[in-house]
Amino acid sequence: QVQLVESGGGLVQAGGSLRLSCAASGRTFSSSAMGWFRQAPGKEREFVAVPIWIGGSPYYAASVKGRFTISRDNAKNTVYLQMNSLQPAATAVYYCAARINYSSAPRTASGYDYWGQGTQVTVSS
């Protein structure tokens, strides 16, 4: 089992930056696929990014590519999401997700078994 705790959210002005962290408990992190998703009020949860995983490359939603950077540190059991040039459209609750012992990095919410509680990101105009 994996427990995920996100942090780093907050209120930022348009054009600003935030760095989200997702700390995972348990000894299965190094063999778990990880991803970031977000959910804005009244909208469905949407894919944001997945990090390098088993020979693959980071993959980003079109809406964040070039501005967001995802990374993972297996030594620290942590996944990061660096968000630059933030715009009000990025306002949402951001969630990290995990799937234990999985060799690919799903890009849909249904592909993950474990979720954090989320961290609020609010971008003011």
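Residues numbered from 1 in each chain as written. Predicted model: local features only at pLDDT ≥ 70, side-chain atom pairs only at ≥ 80, totals over all residues. Heavy atoms only, no water.

(A) Spotlight on the overall build of the protein chain. Looking only at helices and strands, the protein chain has zero helices and eleven strands in total. Ordered by position from N to C terminus, the α and β elements of the protein chain give β-β-β-β-β-β-β-β-β-β-β. For 125 residues, the compact-globule formula gives about 14 Å, and the C-alpha radius of gyration of the protein chain, at 13 Å, lands near that figure. Projected onto the principal axes, the alpha-carbon positions of the protein chain cover approximately 40 × 30 × 25 Å. In the protein chain, which comprises 125 residues, the proportion classed as buried is 42%. Counted over contacts in the protein chain with a minimum sequence separation of 6, partners at least 24 positions apart contribute 61%. (Helix = DSSP H or I, 4+ residues; strand = E, 2+ residues; numbered from the N terminus. Rg over C-alpha atoms; globule rule 2.2 N^0.38 Å. Buried < 20%, exposed > 50% of the residue type's maximum accessible area, 1.4 Å probe, protein only. Contact = heavy atoms within 4.5 Å.)

(B) Examining the sheet that holds strand S3 (residues 18-24) more closely. Strand order in this open sheet of four strands is S1-S3-S8-S7, and the pairing throughout is antiparallel. Of all the strands in the sheet, the pair left with one neighbour each is strand S1 (4-7) and strand S7 (68-73). With direction set aside, neighbouring strand axes in the sheet form an average angle of 15°. (Pairing = 2+ DSSP bridges. Axes fitted to C-alpha atoms, helices over the stretch in contact; angles between N-to-C directions.)

(C) A look at the pattern of salt bridges. Evaluation of the coordinates by the stated rule reveals one salt bridge. Between Arg38 and Glu46 there is a salt bridge, with its nearest N and O atoms 2.6 Å apart. Here Glu46 falls in the partly exposed class, since its relative accessible area comes to 36%. (Salt bridge = Lys/Arg side-chain N within 4 Å of Asp/Glu carboxyl O.)

Geometric values such as these leave the question of function open.
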